[in-house]
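Overview (structure and organization)
Spelled out from the first residue to the last, the chains are:
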Amino acid sequence: MAGISLRKLRKTYGELRVIHDIDLEIADKEFIILVGPSGCGKSTTLRMIAGLEEISGGDLVIGDTIVNDVPSKDRDIAMVFQNYALYPHMTVYKNMAFGLELRRHPREEIDRKVKDAAEVLDITHLLNRKPKALSGGQRQRVALGRAMVRSPEVFLLDEPLSNLDAKLRTAMRAEITKLHRRLDATFIYVTHDQVEAMTMADRIVVMKDGYIQQVDTPQVLYDEPANVFVAGFIGAPQMNFLDVVIRKTAGGLAAEYEGQLLPLPEHLARAVSGHEGRNCVLGLRPENFHERPPVDVDPALTAPVEMSVELAEPMGAEVHLNGKLGSQGIIARVSPRCRARTGDTVPLIADLSAAHLFDKETEIALRTGRPAQ
Amino acid sequence: MNWVANFYFREGPGIDKDAPKPEGLRLLGAVLVREWWDLLRLNVLFIAACLPLVTVPAAYFASVSVCVAMIEDRNVYLWRDFWDAFRSRFWAATLGGVVFAAAGALAWLALPAYAAEARSNLVFAVPFALVLAVSVLLPLLASSFLVSLAKAKGRSAGQVIRISALAVLARPLPGLAALSVVGALWLAHILFYPVSVFLPVLVNFSLGALLMSFAMLKGVELGCSQAARKQ
Ligand SMILES: Nc1ncnc2c1ncn2[C@@H]1O[C@H](COP(=O)(O)OP(=O)(O)O)[C@@H](O)[C@H]1O
Ligand SMILES: [Mg+2]
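Residues numbered from 1 in each chain as written. Chains lettered and ligands numbered in written order. Predicted model: local features only at pLDDT ≥ 70, side-chain atom pairs only at ≥ 80, totals over all residues. Heavy atoms only, no water.

1. A few points about the overall build of chain A
Along chain A, the regular secondary structure elements total nine helices and 20 strands. Considering only C-alpha atoms, chain A reaches an extent of 80 × 45 × 35 Å along its principal axes. Taken across its 373 residues, chain A has 51% of its residues classed as buried. Entry remark: accessible area of chain A is about 17000 Å², with carbon and sulfur atoms responsible for 50%. (Helix = DSSP H or I, 4+ residues; strand = E, 2+ residues; numbered from the N terminus. Buried < 20%, exposed > 50% of the residue type's maximum accessible area, 1.4 Å probe, protein only. Areas by Shrake-Rupley, 256 points an atom, 1.4 Å probe, with all protein chains shown as cover.)

2. Let's talk about the interface of chain A and chain B
Contact residues are listed per partner, giving 22 residues for chain A and 19 residues for chain B. When the buried area of chain A at its contact with chain B is split by residue, A:K94, A:R107 and A:N128 rank highest and sum to 30% of it. The tally of links from chain A across to chain B stands at three salt bridges. Run the count over chain A and chain B and you get 10 residue pairs in polar contact (both at pLDDT 80 or more). The element best represented in the side of chain A that touches chain B is helix α2 (residues 92–102) of chain A, accounting for four residues. Looking at side-chain class alone, the side of chain A that touches chain B contains eight nonpolar, seven polar and seven charged residues. (Contact = heavy atoms within 4.5 Å. Buried area = accessible area lost by both parts, 1.4 Å probe. Salt bridge = Lys/Arg side-chain N within 4 Å of Asp/Glu carboxyl O. Polar contact = N/O pair within 3.5 Å; in protein donor to acceptor, adjacent residues only side chain to side chain. Nonpolar A, V, L, I, M, F, W, Y, C, P; charged D, E, K, R; others polar.)

3. Things to note about the confidence of the model for chain B
All names here are of chain B. Averaged over every residue, the pLDDT of chain B is 89; the share at 70 or more is 96%. Mean pLDDT across the secondary structure elements of chain B bottoms out at helix α1 (residues 2–9), with 63, and peaks at helix α3 (residues 56–71), with 96. As a predicted assembly, this complex carries a pTM of 0.82 together with an ipTM value of 0.82. (pLDDT = per-residue confidence, 0-100.)

4. Details of the site of ligand 1
Residues and elements named next belong to chain A. What surrounds ligand 1 is the set Y13, L16, V18, S38, G39, C40, G41, K42, S43 and T44. Y13 is positioned such that a nitrogen or oxygen atom in its side chain is 3.4 Å from a nitrogen atom of ligand 1. Between ligand 1 and T44, the relevant distance is 2.5 Å, taken from an oxygen atom to a side-chain nitrogen or oxygen of the residue. In the complex, 57% of the free accessible area of ligand 1, which totals 570 Å², lies under the protein chains. For the shell around ligand 1, the elements supplying multiple residues, two or more each, are β2 (16–26) and α1 (42–50). Counting residues per element, the shell around ligand 1 draws most heavily on α1, which supplies three residues. The residue makeup of the shell around ligand 1, split by class, is four nonpolar, five polar and one charged. (Near = heavy atom within 4 Å.)

5. Concerning the pattern of salt bridges
In this structure the tally under the stated criterion is 27 salt bridges over all chains. A:E310 serves as the salt-bridge partner of A:K324, at 3.7 Å between the closest nitrogen and oxygen. Taken as a pair, A:K324 in strand β17 (residues 319–325) and A:E310 in strand β16 (residues 302–314) lie far apart in primary sequence, 14 residues in all. You can call A:E310 partly exposed: its relative accessible area is 45%. Its salt-bridge partner being B:D84, residue B:R87 comes within 3.3 Å of it at the nearest N-O pair. On the criterion of helical spacing, the pair formed by B:R87 and B:D84 is a turn pair, its members being three residues apart in helix α4 (residues 78–88). Its relative accessible area of 26% is what places B:D84 among the partly exposed residues. When salt bridges that share partners are traced, they join A:R129, B:R34, B:E35 and B:D73 into one network.

6. Comments concerning the confidence of the model for chain A
On average, residues of chain A carry a pLDDT of 92, and 99% of them reach 70 or more. Least confident of the elements in chain A is strand β6 (residues 77–80) of chain A, whose mean pLDDT is 88; most confident is strand β9 (residues 203–208) of chain A, at 98.

7. Examining the domain arrangement of chain A
All names here are of chain A. Split by domain assignment, chain A resolves into domain 1 (4–227) and domain 2 (240–359). Using only C-alpha atoms to locate each centre, domain 1 and domain 2 end up separated by 40 Å. Each partner contributes to the interface: domain 1 provides five residues, whereas domain 2 provides four residues. Taken together, both faces of the contact between domain 1 and domain 2 bury some 380 Å²; the carbon and sulfur share is 52%. It is Y222, P225 and N227 that lose the most area in domain 1 upon contact with domain 2, and together they represent 88% of the buried surface on that side. Put simply, domain 1 and domain 2 have zero salt bridges between them. Where domain 1 packs against domain 2, one counts two residue pairs in polar contact (both at pLDDT 80 or more). The class makeup of the residues in the side of domain 1 that touches domain 2 is three nonpolar, one polar and one charged. (Domains from an automatic or database assignment.)

See below:
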């Protein structure tokens, strides 16, 4: 089987349009993650791919066949839901075997597949138990196993980890990544958790209000967000945004922030050349503020700033300083050696070589080429 | 309605993978707690399968084989597995049933005769005691035979018989204990009749089969491993 294509895919509920003609190419065996805030249409998109939701417009293509009207059971796709949906009166074995029994697979084959899947997921000891006694993580494994026994070409997973506690979620993330490698199938995974997306995906699809904002690998998404929304959504603590005005200086172009001129790197300056006076949003990630000059950065692209600290959150390996730069709030990630307390004013060095620039009106990223590494 | 669903789907404590397997009576308790519903169904199924009368041995063998799967914590599809066992060993079970029934009938006839003779001539006390011992051991041997049959895939008839005899000799006490519990069950049924009419309908047969299988299984496993070592 080849990849999956969404071509101008649309979903409307009466007058309400929830998916706006989205285009997406998913490669065979890819691990792709749809991420976005609640209500942005991730589940709807996934359910349309699964065939659980009617497609209002556009085409869904699997391989080179349009499958808009192919019923769910004929799409060679298995879906894992957030709430597990296990049958409480059946043992784990029967829960996993049920789908195959409905399809009248031979008994030996069912037995082999159930036991193989149980082995991979490490739930062999649970096979003859009812779901009642199982913990959330164990239930999630069973739900995965139930999808696995069908050996589908495509797995659809809708927030499969959101009911688990934080520790288990981290463990299951690694398990699912391993599972993807092992099963050699396409995974389409939905989550509202950007950490999950960043850690697991080959590529991430960021969605908002039924539109796709950006599709890229996790690192590119982080380094080159296409707009303010993506920049703010990916990364935690989130990127700081400062309202700036573009000014001409002796050395080229700079961003003026509340009277202070911040130098702009080449790839940003080129994008706004000839736009002196334009209102922009400057994006700086929390890790781009330093206590002492960073060694590998051109000093001409740094600027000293004063941050008034409102709250210092020690995280162990680092400290998150919440506070103000002039009148606008920012968060800075500094080393745990930083002894700043609430009410202190600390001098920091802003590394502008890693800055992002967005148009104030459209919120679209302004850059030409890639940032110099 | 939501709280019902919440209660029904609420997360459990989880099952420890490395928890030690329960043994002995604890294991029996765990099996009963886990499989009680299927045991009730098995009882009804057994009664239904016995209706043609000639099918009694095969039906009982099928029950034993389902019980062995339950004890071994294997997945059971009651209807399917019951009839599978019923069909696959129909003749062996029936033949065994005829032999054991004949032996039982013989012992039943011989016992009062020897008892009467023994009262006048003490020499007859020896065969009386022998026959008594045999008639007590017969149900154990029968259970052990059926469990061996259920466990002994691909073994010859001679081996199955040897294994079942070995099992009775190796561990007669659990078998006797189980036998007395089963006896007590039936006694309760008789004593409290007709109030207790539900007992055989609901549990007596399947629970009896489970108890007897449980008692004999260890011995049969022992016999099987011995037979495997010899080969
Ligand atoms: N059956 C429905 N009728 C009307 N609107 C719906 C229906 N199902 C979902 N929606 C709307 O579609 C949007 C997308 O929903 P969904 O795909 O579930 O979002 P997500 O999974 O990203 O949280 C939401 O605004 C939701 O209110
Ligand atoms: Mg959703």
